[in-house]
Amino acid sequence: MALNNKKNLPTLSSKHICTHLDYQHKGLSLKAMQEEMTFTLVNESAKQRIPHVLTVAGSDSGAGAGIQADLKACAARGVYCSTVITAVTAQNTIGVQDVSILPEDSVAEQLKSVLSDMHVDVVKTGMLPSTSIVKILHEGLKRFPVRALVVDPVMVSTSGVVLAGPSVLDTFRWDLLPMADIVTPNLKEASTLLGWPQLETITDMCSAAKSIHNMGPRNVLVKGGHLPSSSDAVDIFFNGEDIYELRSSRIQTPNTHGTGCTLASCIAAELAKVAKRYVESVLKFSKDVTIGGGPQGPLDHLCKLKRNVYHSRKLQPLDPDDLFVYAVTDSGMNRKWGHTITDSVRAAIEGGATIVQLREKDAETGSFLEAAKECLKICRHHNVPLLINDRIDIAIACDADGVHVGQSDMPVQTARSLLGPEKIIGVSCKTPEQALKAWKDGADYIGSGGVFPTNTKANNRTIGLDGLKTVCSASKLPVVAIGGINLSNARSVMELDVPNLKGVAVVSALFHRECVGTETEKLHALLTETVAAKK
Ligand SMILES: Cc1ncc(COP(=O)(O)OP(=O)(O)O)c(N)n1
Ligand SMILES: Cc1nc(C(=O)O)sc1CCOP(=O)(O)O
Ligand SMILES: [Mg+2]
């Protein structure tokens with residue numbers, strides 16, 4: 001199968017589409033993706049974590065489609081697959097004999113169990129049979145953001161039984177599609193989503209892909225398997241800019257039950273794996289695998305059978321919980337207290353800082369780079385990410401974990417193309433529009449403020465707690481609050497009822513103090529207490 005676009009870009013095999021999505025997610029071009037697709041060596045000392053897809057779908061007793069197809073497809077692709085079952089169907093090769101929708105509470109509990117404990121990289125959806133189940137999923141994903149969402153808008157079974165009725169459509173359109181990294185409708189699902197008559201030509205499919213893209217997903221794959229007029233099987237992929245035709249010869253067979261679920265699961269699995277980290281070696285997985293935080297994790301049943309396994313040091317550049325106590329340095333404050341940058345960073349980390357940003361506005365490049373290298377050693381030792389403010393060059397030179405940029409700094413997309421998909425990029429946002437753009441451009445988190453007035457940053461507009469809440473609500477990314485936050489007001493920030501607000505970023509409350517470690521400890525304790533009281 002070949003993937004061609006109208007601008008004569010490189011031809012890619014279809015298995016690269018997922019890598020393209022991953023890179024596009026991080027703002028990289030097709031060309032950059034191809035160049036980057038060299039396999040890298042594994043960091044043997046790093047903690048092992050296997051790629052993980054969560055499928056939210058219906059059970060098919062015949063095991064051709066639904067949850068069972070997803071499990072098998074993910075297993076075949078070498079990816080761990082957890083499940084949230086939305087409905088139990090009785091079906092076989094003849095048709096669907098019964099559909100029982102699971103109680104909403106059960107779906108909500110399954111979702112919470114998995115997302116609150118396990119490191120899910122990608123969520124893939126199949127049969128979502130009721131409005132409330134779509135809403136539960138929508139809320140769950142806002143509370144526990146994942147790396148990517150693959151939506152297979154299952155509506156009608158191959159045999160013609162309705163699996164998600166018209167009442168679900170609006171929630172689907174308004175809540176789920178805008179969160180999706182890719183949506184994969186077949187011809188019937190595409191026309192139903194759009195309220196259009198049947199799609200009959202490739203031109204119809206292209207128009208449909210563009211119109212569905214307007215509903216908010218990052219990418220659309222309209223599957224043309226049922227296109228009557230074509231002797232080939234043609235799918236149309238649209239990423240918001242370019243349209244691609246995926247053409248392969250049609251295989252004449254009646255054995256097509258489950259193809260949609262399998263395709264969407266494979267896309268999810270490939271996204272979860274991050275293709276460039278593919279290494280051809282046998283690794284003894286299960287004894288060191290970390291899947292959950294509880295005392296009794298499941299076995300990775302298939303790893304021993306595999307000859308090729310994916311091993312990733314860090315599949316997700318940022319763990320949103322890392323934003324909890326975000327320490328931002330300031331050289332002026334360090335000088336005033338006679339602290340070196342490294343002393344301050346060490347003290348903050350020992351006091352409980354969960355991420356550190358070097359914000360050295362007046363540092364000379366050479367000494368900043370040396371200090372950054374030293375800080376990186378300390379951060380790596382404690383497994384705390386180190387970001388660099390503004391200076392992408394310093395971040396690249398010292399191999400920091402990422403950068404933080406503002407609205408007038410280097411654009412996120414450019415930073416991403418320089419740093420690659422595995423570095424963390426944070427961006428400052430004061431408005432919902434900026435928050436939405438941050439997600440589209442491939443940022444990993446948002447810094448939002450000034451929540452309160454601050455003397456640390458000149459002429460900074462204060463947005464208040466309400467402004468922070470507005471940004472959080474519009475954001476599909478985790479958010480850290482910043483600006484004038486200290487021990488006396490941090491509680492009011494963390495008490496805000498917004499699930500994606502993950503922590504506070506502070507400068508003076510930690511570094512304009514004699515004892516950085518003690519202040520960090522106090523802040524950490526206060527935030528922990530506030531979060532515990534909310535539960
Ligand atoms: C976590 C975090 N949030 C916001 C900022 C501010 O960045 P920016 O708007 O670029 O301003 P400067 O810090 O560069 O003055 C930040 N640094 N960190
Ligand atoms: C660096 C920075 N950015 C802000 C923003 O609003 O984006 S406020 C700010 C300064 C934060 O320092 P302090 O914790 O000392 O108030
Ligand atoms: Mg900046």
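Rules used throughout
- All residue numbers refer to positions counted from 1 along the written sequence of the respective chain.
- Throughout, the order in which chains and ligands are written sets their labels, letters from A for the former and numbers from 1 for the latter.
- Local features in this predicted model are restricted to residues of pLDDT 70 or higher, and side-chain atom pairs are both shown and tallied only at a pLDDT of 80 or more, whereas totals for entire chains, interfaces and linings draw on every residue.
- With hydrogens and water set aside, each side-chain value is computed from the structure's full complement of heavy atoms.
- Numbering of helices and strands starts at the N terminus; helices are DSSP runs of H or I of at least 4 residues and strands are runs of E of at least 2.
- A 1.4 Å probe rolled over the protein chains alone gives each residue an accessible area, and that area as a share of the maximum for its type sets the label: buried under 20%, exposed over 50%, partly exposed in between.
- All accessibility values rest on the Shrake-Rupley procedure with a 1.4 Å probe; residue burial counts only the protein chains present in the view.
- Nearness is judged by heavy atoms alone; a residue qualifies as near a molecule or strand once a single heavy atom is within 4 Å of it.
- Any pair of nitrogen or oxygen atoms within 3.5 Å is treated as a polar contact; in protein, a donor-acceptor pairing is required on top of that, and neighbouring residues in sequence qualify only through side-chain atoms on both sides.
- The predictor's confidence in any single residue is recorded as pLDDT, a number from 0 to 100.
- Residue contacts are counted whenever heavy atoms from the two residues lie within 4.5 Å of one another.
- By nonpolar core we mean a set of buried residues, namely Ala, Val, Leu, Ile, Met, Phe, Trp, Tyr and Cys, connected to one another through side-chain atoms within 4.5 Å.
- In this description, a line fitted to the C-alpha atoms serves as the axis of each element, helices being fitted only across the stretch in contact, and the angle between N-to-C directions of two axes falls anywhere from 0 to 180 degrees.
- Roughly parallel means an angle under 35 degrees; roughly antiparallel, over 145; roughly perpendicular, 65 to 115; everything else is oblique.
- Crossings are sorted by hand: turned counterclockwise from the far helix by less than a right angle, the near helix makes the crossing left-handed, and turned clockwise it makes it right-handed.
- Residues are grouped as follows: nonpolar covers Ala, Val, Leu, Ile, Met, Phe, Trp, Tyr, Cys and Pro; charged covers Asp, Glu, Lys and Arg; every other residue, Gly included, is treated as polar.
- Sodium, potassium and calcium take a 3.2 Å donor cutoff, other metals 2.8 Å, and in both cases only N, O and S atoms count; water is not among them, so sites may look incomplete.
- Strand pairing follows a simple DSSP-based rule, namely that at least 2 bridges must link the two strands.
- Centres within 6.5 Å are what make two rings of Phe, Tyr or Trp a pair, Trp counting through its six-membered ring; a difference in plane orientation under 30 degrees is then read as stacked, over 60 as edge-to-face, and the rest as tilted.
- Whether a charge lies above a ring is judged from NZ of Lys or CZ of Arg, which has to be within 6 Å of the ring centre and within 35 degrees of the ring normal.
- Here, a salt bridge means any Lys or Arg side-chain nitrogen found within 4 Å of an Asp or Glu carboxyl oxygen.
- For crossovers, right-handed means that the path from the first strand over the helix to the second runs clockwise, given strands pointing away from the viewer.

A. Quick look at the overall build of the protein chain. Scanning the protein chain from terminus to terminus reveals 19 helices and 21 strands. Of all 535 residues assigned to the protein chain, the portion counted as buried reaches 55%. For the protein chain, the accessible surface area stands at approximately 23,300 Å², while carbon and sulfur atoms represent 53% of it.

B. Representation of the site of ligand 2 in the model. As a matter of local geometry, ligand 2 sits amid 14 residues, with G450, T454, T456, G484 and S508 nearest to it. G484 has a polar backbone atom sitting 2.7 Å from an oxygen atom of ligand 2. Burial of ligand 2 by the protein amounts to 94% of the accessible area it has alone, namely 420 Å².

C. The confidence of the model for the protein chain, seen in detail. Put simply, the protein chain has an average pLDDT of 83, and 81% of its residues get 70 or more. With pLDDT under 50 throughout, residues 25–47 is counted as low confidence; its partners more than four residues away or in other chains account for 50 contacts. Contacts of residues 299–315 to residues separated by more than four positions or lying in other chains number 50 contacts, the stretch itself having pLDDT below 50. Our summary of model confidence lists the complex with pTM equal to 0.55 and ipTM equal to 0.99.

D. Broad picture of the nonpolar core. Formed by 75 residues in total, the largest nonpolar core has its most connected members in L358 and I388. Per-element accounting of this core gives the leading share, eight residues, to helix 12 (residues 365–382). Core analysis: the second largest hydrophobic core is formed by 48 residues, V84, V107, L177 and I243 among them.

E. Fine view of the packing of helix 4 (residues 104–117) against helix 5 (residues 131–143). Where helix 4 meets helix 5, the axes come as close as 10 Å, and the angle between the chain directions of the two elements is 20°. Relative to helix 5, the element helix 4 is oriented roughly parallel. Regarding helix 4 and helix 5, the two cross each other, and that crossing is right-handed. In this structure, helix 4 uses E104, V107, A108, L111, K112 and L115 to contact helix 5, whose residues at the interface are S132, I133, I136, L137, G140 and R143.

F. Spotlight on the site of ligand 1. Lining the immediate surroundings of ligand 1 are 16 residues, of which R359, K361, D409, S428 and K457 lie closest. Take S428: an N or O atom from its side chain is 2.8 Å from an oxygen atom of ligand 1. A total of 420 Å² of accessible area belongs to ligand 1 in isolation, and the protein chains cover 90% of it. Broken down by secondary-structure element, the contributors of at least two residues to the shell around ligand 1 are strand 17 (402–405) and strand 20 (479–482). Its residues placed into classes, the shell around ligand 1 shows five nonpolar, six polar and five charged.

G. Main features of the coordination of the magnesium ion (ligand 3). With distances of 2.0 to 2.1 Å, the protein atoms coordinating the magnesium ion (ligand 3) are D390 (OD) and D409 (OD). In this pair, D390 sits in the loop between strand 16 (386–389) and helix 13 (392–398) while D409 sits in the loop between strand 17 and helix 14 (412–419), placing the two residues 19 residues apart along the sequence. Using a relative accessible area of 24% as the deciding quantity, one classes D390 as partly exposed.

H. Just the sheet that holds strand 17, in detail. Around the barrel, which closes on itself, the eight strands sit in the order 14-15-16-17-18-19-20-21 with parallel pairing between neighbours. Pairwise comparison of adjacent strand axes, ignoring direction, gives a mean angle of 25° for this sheet. Here helix 15 (residues 432–441) sits on the sheet and contacts strand 18 (424–429) and strand 19 (445–448); the angle it forms with strand 18, its principal contact strand, is near 165°.

I. Looking closely at the packing of aromatic side chains. Scanning the entire structure with this criterion turns up two aromatic pairs. Above the face of the F238 ring, K210 is positioned so that its terminal group lies 5.9 Å from the ring centre. We note K476 situated over the ring of W439; from NZ or CZ to the ring centre the distance is 4.2 Å.

J. Seen up close, helix 6 (residues 169–176). Taking burial as the measure, the eight residues of helix 6 include six buried ones, the bulk of the element. Where helix 6 is buried, its residues contact strand 6 (122–125), helix 5, strand 7 (148–151) and helix 7 (187–194).

K. Looking closely at the pattern of salt bridges. This model, assessed by the stated rule, comprises 20 salt bridges. Salt-bridge contacts for R247 lead to D232; the nearest nitrogen and oxygen are separated by 3.0 Å. You can see R247 sitting in strand 11 (residues 243–249) and its partner D232 sitting in strand 10 (residues 232–238), a full 15 residues away along the chain. Under the relative-accessibility criterion, R247 is labelled partly exposed at 34%. Here D343 makes a salt bridge to R346, at a shortest N to O gap of 3.8 Å. Of this pair, D343 and R346 both sit in helix 11 (residues 341–351), three residues apart, roughly one helical turn. Overall, D343 belongs to the partly exposed group, its relative accessible area being 40%. In this structure, a network of salt bridges that share partners links the residues D232, E245 and R247.

L. Expanded view of the pairing of strand 6. Going residue by residue along strand 6, you find V122 and K124 tucked away on one face and V123 and T125 tucked away on the opposite face as well. Taken together, the four bridges between strand 3 (residues 52–60) and strand 6 define a ladder with parallel strand orientation. Bridging from a neighbouring strand, L54 pairs with V123 of strand 6. Two elements, strand 6 and strand 7, share four bridges in a ladder whose sense is parallel. Across the sheet, residue T125 finds its bridge partner in strand 7, namely V151. Of the crossover connections in this fold, the one passing from strand 6 over helix 5 to the parallel strand 7 is right-handed.

M. Just the packing of helix 7 against helix 8 (residues 202–213), in detail. Orientation of helix 7 relative to helix 8, taken along the N-to-C sense of each, is 50°, at an axis distance of 10 Å. For the element pair helix 7 / helix 8, the angle class is oblique. The way helix 7 lies across helix 8 gives a crossing that is left-handed. Residue-level contacts link L187, A190, L193 and L194 of helix 7 to M205, A208, S211 and I212 of helix 8.

N. Broad picture of the environment of V84. Along the chain, the position of V84 falls in strand 4 (residues 80–91). On the basis of relative accessibility, which here comes to 0%, the residue V84 falls in the buried class. C-alpha separation for the pair V84 and S59, spaced 25 residues apart in sequence, amounts to 9.6 Å. Each residue touching V84, except ones within four places of it in the same chain, is listed here: L54, T55, V56, A57, I67, V107, Q110 and L111.

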